[in-house]
Amino acid sequence: MRQCLGGALSTPTTRPAGSDWEIHSHQDKELVKGLGLTSATMLVMGSMIGSGIFIVSAEIAREVDSPALLIGAWAVAGFMTIVAALSYGELAAMMPRAGGQYVYLREALGPLWGFLYGWTLFLVIQTGTIAAVGVAFGKFLGVFFPAISSSHWILHLWKVPPIPLGPMVLGNMDVGINTQNLVAILLVIFLSVVNIFGLKTGALIQNVFTAAKVSALLGLALFGLALGRNAHALAANFSGHFWRNAGLGAQHAVQVGVGGPVVLVGTLTILAVAQVGSLFSADAWNNVTFTAGEVKNPSRNLPLSLALGTGVVIALYIACNFIYLLALPLDGTAGAATILGRGVKFAAEDRVGTAVMTQMFGAVGGLLMAGAILISAFGCANGLILSGARVYYAMAKDGLFFKGVASLHPAYKTPAVSLMVQMVWACLLCVSGSYGQLLDYIIFAVLVFYILTIVGLFVLRRTRPDAERPYRAVGYPVLPAIYIVMALFIDVVLLRYKPQFTWPGLIVVLLGIPVYYAWSRSAGAKRASA
């Protein structure tokens, strides 16, 4: 095992003593390998499935205005996700280290790029998602307990006014504690503390809740196929109308920025715009790589878990969107009194999944969907909390994060301090009310880091050709190159037409550059004086 891991970046006979790989090898010796193939796959699926699949199809439908393009948007997201996962599989098998994507960027492009990813992950990507999932949990718990609501304030500190800034509007949020975000805070605290008590405890929670929510998605697909077909929806979406507005020459309206002009764009461009919803509802599949130092037989289980997990979830996502089209017409009217009248585009509060279940089962269907989302949010939050802490642990080991974060619990061998630091920041985001805006603004940067990591795959093939690669990316170099081209196209489109989703994310990333040099200089000074 040691020979296999030690030779991952160079052959045993040529690796210099004290190489970067040797310097970082201590991470695997400290952590407990407690994740098998099943748990790793459950972590992939559980981190991907949140509440997005039940909601974002309404926004996508309004953008693309075509049943075929609604499915197409999810198919594009699915293709890109699976190709990226297959590419990451090679990196994961080659470098099964705690920190995952942070490590891949560090080894391929240099420590600055690894830090910028970890910096953005901590400030917004991981903690913001944890906060958003926690608040979603509180929101849907309010379906059963009406006292849990964003309007029931316990401590209202400040109403931040809207602040127009070019194509964006910042602020416009309430700061304080209400019963809804209090539930989110309690959930984050509970799961963070539970995950201190051993990897297997967190993995058990993940396995149980992921199995439940995969079953819920499968149930929605099967019940929808058997009971959800509606004659009006079938006529509107399929009887000669499925491909409407889907031709390459079709024109689609897009508003540039917030309050900007409405312009007409082509089909490929509107599909790129729609990826804001679909691609990132399928995000967080890479979280399993953060825990790589704790995966049994990682050279086999990491690539397999990435392929299996993403494949199953994408298949379920596309199936659910077909069910939406079988049950509800795509078009509708925002003020309509009935579910069918509102359609997919204008489902109440964009809750398409709830609308479909209510259409099939009445009021009971809405409660069933709320329960399914509660299960989904709980499991998703657990996966994000479990995995994210491993990245800050790896950064601290490199001297690029708070020193105490590099320590493990003496009995359970979990990154307890890292879990607590992550918990505190996620809870502050819950109170600030800013997590939603932060996640919107960081989408562009997330995609940039995916591009850079897959570029790293090409870099490592050239710079370390003799490294041990137990698994090689399927379709290399064609599929990874296609991913890079598609992702770059999406980023360019977002820069042009959705600047509110781009520049703030870039600013957060760029702010990390002086922080990196300050931290690395401090770490270097400490090493020199030691």
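Refer to the structure presented above.
Residues numbered from 1 in each chain as written. Predicted model: local features only at pLDDT ≥ 70, side-chain atom pairs only at ≥ 80, totals over all residues. Heavy atoms only, no water.

**Student:** How would you summarise the overall build of the protein if you had to cite specific residues and measurements?
**Tutor:** What the protein contains, in helices and strands, is 21 helices and four strands. The globule rule puts the C-alpha radius of gyration for 530 residues at 24 Å, and the 23 Å found for the protein is close to it. Across its three principal axes, the protein shows a C-alpha extent of roughly 70 × 55 × 45 Å. Per-residue burial over the protein gives 59% buried out of 530 residues. A separation threshold of at least 6 residues defines the contact pool for the protein, and within that pool the share at least 24 residues apart is 79%. If you average the places of the 32 positive and of the 20 negative side-chain charges in the protein, the two averages end up 5 Å apart. (Helix = DSSP H or I, 4+ residues; strand = E, 2+ residues; numbered from the N terminus. Rg over C-alpha atoms; globule rule 2.2 N^0.38 Å. Buried < 20%, exposed > 50% of the residue type's maximum accessible area, 1.4 Å probe, protein only. Contact = heavy atoms within 4.5 Å. Lys, Arg positive; Asp, Glu negative; His and termini not counted. Charge placed at Lys NZ, Arg CZ, Asp CG, Glu CD.)

**Student:** With reference to specific residues and values, describe the environment of Lys139.
**Tutor:** Of note, Lys139 is situated in helix H8 (residues 111–144). A relative accessible area of 33% places Lys139 in the partly exposed class. Expressed as a C-alpha distance, the spacing of Lys139 and Ala370, which sit 231 residues apart in the sequence, is 9.3 Å. Aside from chain neighbours lying at most four places away, what touches Lys139 is Gln180, Glu349 and Arg351.

**Student:** Quick rundown of the pairing of strand S3 (residues 252–255)? Include the residues and the values.
**Tutor:** Strand residues, when the strand is regular, have side chains that alternate between the two faces of the sheet. Burial along S3 is one-sided: His252 and Val254 are buried, and none of Ala253 and Gln255, which face the opposite way, are. Connecting S3 to the antiparallel partner strand S4 (residues 262–265) that follows it, the hairpin turn spans six residues, and Gly257 within it adopts a positive phi of roughly 65°. (Pairing = 2+ DSSP bridges.)

**Student:** Report on helix H12 (residues 267–281), specifying residues and quantitative values.
**Tutor:** For H12, built from 15 residues, the straight-helix expectation of 21 Å at 1.5 Å per residue is met to within 8% by its first-to-last C-alpha distance of 21 Å. In H12, a bend of some 50° at Gln275 exceeds every other bend along the element. (Expected span 1.5 Å × (residues − 1). Bend = angle between axes of the 7 residues up to and from the residue.)

**Student:** If you had to explain the packing of aromatic side chains to someone new, which residues and values would you point to?
**Tutor:** Enumeration over the complete set of coordinates arrives at 25 aromatic pairs. Consider the rings of Tyr516 and Tyr517, whose centres lie 5.0 Å apart with planes at 75°: the pair is edge-to-face. Residue classification places Tyr517 among the partly exposed residues on the basis of a relative accessible area of 43%. Taken together, the ring pairs connect Phe115, Trp119, Phe122, Tyr392, Phe401, Phe402, Trp425, Tyr516, Tyr517 and Trp519 into an aromatic cluster. Sitting over the ring of Tyr476, Arg461 keeps its end group 3.8 Å from the ring centre. (Phe/Tyr/Trp six-rings, centres within 6.5 Å; stacked < 30°, edge-to-face > 60°. Lys NZ or Arg CZ within 6 Å of the ring centre and 35° of its normal.)

**Student:** Kindly report on helix H4 (residues 37–48), identifying the contributing residues and their values.
**Tutor:** Over its 12 residues, H4 runs 17 Å from end to end, which matches the ideal 16 Å to within 8%, given 1.5 Å per residue. In terms of burial, H4 is a largely internal element, 10 of the 12 residues being buried. Along H4, the residues that are buried comprise Ser39, Ala40, Thr41, Met42, Leu43, Val44, Met45, Gly46, Ser47 and Met48.

**Student:** Describe in detail the pattern of salt bridges, supporting the description with residues and values.
**Tutor:** Following the criterion strictly, the structure yields 14 salt bridges and no others. We note a salt bridge from Glu107 to Arg106, for which the minimum N-O separation is 2.9 Å. Judged on exposure class, the residue Glu107 and its partner Arg106 are both buried. Between Lys345 and Asp331 there is a salt bridge whose closest N-O contact spans 2.7 Å. Here the residue Lys345 occupies a position in the loop between helix H15 (339–342) and helix H16 (352–361), and Asp331 occupies one in the loop between helix H14 (298–327) and H15, the gap between them amounting to 14 residues. On the accessibility criterion, Asp331 (35% relative accessible area) is partly exposed. (Salt bridge = Lys/Arg side-chain N within 4 Å of Asp/Glu carboxyl O.)

**Student:** Which residues make up a nonpolar patch on the surface, and what are the values?
**Tutor:** A contiguous nonpolar patch, built from Ile154, Leu155, Leu157, Trp158, Leu182 and Leu186 and spanning about 610 Å² of accessible area, is present on the exposed surface. Elements with a minimum of two residues in the nonpolar patch: strand S1 (153–165) and helix H9 (179–194). Among the elements that take part in the nonpolar patch, S1 stands out by supplying four residues, more than any other. You can see Leu182 is positioned in helix H9. For Leu182, a relative accessible area of 31% puts it in the partly exposed group. (Patch = residues over 30% accessible without salt bridge, like charges linked within 9 Å, V, L, I, M, F, W, Y side chains within 5 Å. Areas by Shrake-Rupley, 256 points an atom, 1.4 Å probe, with all protein chains shown as cover.)

**Student:** Describe the nonpolar core, listing the residues and the values that go with them.
**Tutor:** Membership of the largest hydrophobic core comes to 167 residues, with the highest contact counts inside it found for Leu220, Trp285, Val356 and Tyr483. Top contributing element to this core by residue count: helix H17 (residues 363–397), with 18 residues. Contacts of Val356, omitting those with residues within four sequence positions, involve Leu220, Ile323, Tyr324, Ala327 and Leu328. (Core = buried A, V, L, I, M, F, W, Y, C linked by side-chain atoms within 4.5 Å.)

**Student:** Help me get a handle on the environment of His241, residues and values and all.
**Tutor:** Residue position: His241 is located in the loop between helix H11 (231–237) and S3. Linking His241 and Met80, residues 161 residues apart in sequence, is a C-alpha distance of 27 Å. Sequence-distant contacts of His241, that is, excluding residues within four places in its chain, are made with Pro67, Ala235 and Ala236.

**Student:** So what about unusual backbone geometry? Which residues, and what values?
**Tutor:** Geometrically, the link from Tyr476 to Pro477 is a cis peptide bond, its omega value of 5° lying close to zero. By the secondary structure assignment, Pro477 is in the loop between helix H19 (435–463) and helix H20 (478–497). Phi at Asn245 takes a positive value of approximately 60°, unusual for a residue other than glycine. By the element assignment, Asn245 lies in the loop between H11 and S3.

**Student:** Requested: an account of the packing of helix H10 (residues 199–227) against H16, with residues and values cited.
**Tutor:** Relative orientation of the contacting elements H10 and H16 amounts to 45°, with a least axis distance of 11 Å. One way to sum up the angle between H10 and H16 is to call them oblique. Crossing hand, H10 versus H16: left-handed. Across from Leu220, Phe223, Gly224 and Leu227 in H10, the residues of H16 making contact are Val356, Met357, Met360 and Phe361. Here the residues of the contact of H10 with H16 sort into seven nonpolar, one polar and no charged. (Axes fitted to C-alpha atoms, helices over the stretch in contact; angles between N-to-C directions. Parallel < 35°, antiparallel > 145°, perpendicular 65-115°, else oblique. Left-handed = near helix turned anticlockwise from the far one by under 90°. Nonpolar A, V, L, I, M, F, W, Y, C, P; charged D, E, K, R; others polar.)

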